[in-house]
Amino acid sequence: KELGEMSLKDIDQVARTAFPLCMRHLFDTLREDHHLKHGGRMQLGLFLKGVGLKLDDALAFWKAEFSQKVGAERFDKEYAYGIRHNYGKEGKRTDYTPYSCQKIILSTPGVGDHHGCPYRHFSEENLRAALGKMGVSSRALDDVIEKAKTKHYQLACTLTYEAVHGSSCDAGINHPNQYFSDSQKILEA
Ligand code: SF4
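Parameters at a glance
- Residues numbered from 1 in each chain as written.
- Predicted model: local features only at pLDDT ≥ 70, side-chain atom pairs only at ≥ 80, totals over all residues.
- Heavy atoms only, no water.
- Near = heavy atom within 4 Å.
- Helix = DSSP H or I, 4+ residues; strand = E, 2+ residues; numbered from the N terminus.
- Nonpolar A, V, L, I, M, F, W, Y, C, P; charged D, E, K, R; others polar.
- Axes fitted to C-alpha atoms, helices over the stretch in contact; angles between N-to-C directions.
- Left-handed = near helix turned anticlockwise from the far one by under 90°.
- Contact = heavy atoms within 4.5 Å.

(A) Quick look at the site of the ligand. In the region of the ligand, the neighbouring residues are P20, C22, C101, I104, C117, P118, Y119, Q154, C157 and P176. Of all the elements in the fold, those that place two or more residues in the shell around the ligand are α6 (101–105), α7 (118–121) and α10 (153–165). Across the shell around the ligand, the residue classes tally to nine nonpolar, one polar and no charged.

(B) Structural context of the packing of helix α1 (residues 11–18) against helix α2 (residues 21–33). α2 packs onto α1 with a crossing angle of 145 degrees between their chain directions and a minimal axis gap of 9 Å. For α1 against α2, the interelement crossing comes out left-handed. Between α1 and α2, the contacting residues are I11, D12, A15 and R16 on the first element and R24, F27 and R31 on the second. The residue inventory of the contact of α1 with α2, partitioned by class, reads three nonpolar, no polar and four charged.

(C) Quick peek at the side chain of Q43. In this structure, Q43 sits in helix α3 (residues 38–50). Those residues in contact with Q43 that lie beyond four places of it in its chain are C22, M23, L26, Y99, I104, H115 and G116.

(D) Representation of the environment of D182. Take D182: it is sitting in helix α11 (residues 176–188). Sequence separation between D182 and Y161 is 21 residues, and the spatial gap between their C-alpha atoms is 9.4 Å. Once residues within four sequence positions are removed from consideration, D182 is found in contact with Y161 and C169.

Pasting the structure below:
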């Protein structure tokens, strides 16, 4: 596999090991509910584009999930456009860039939305459960929660990264795609 390419057969494994919590949550929700609202489709869709998922694979990926909820025909009619749009194939043909942490942290998810930054937008209870699922040990978990409570969301994410990978991240996390590429470097080393 070439560097910077993501194949569909690897995506579940990679999501478990190298996605930051915000993307892991969107990914798991999509797999479970077979649906994401607009904000989630944008945040996860552009992230996946950034990790190297090609347009055809992205269409196949989203269609496989949405078809189970709304049917293949409605996917093609209502949702495929948005995915092609993210890749600059529709509308103004802008090649959109994945969202930074700052943008995600400042977003305002409403009821039924799953986008945003979990360190900011989750309740403490949900955050604890999600971090447990990520494999953060109970000792590290309290430090992460403390950072989140004091509104140091990116530091909380950095501590999670360090706990999950057992490796330091001196630069800190400022972009979900940076979390991903730093994780990949460690996992492939
Ligand atoms: Fe995602 Fe950034 Fe929040 Fe981490 S700090 S969960 S990468 S938005």
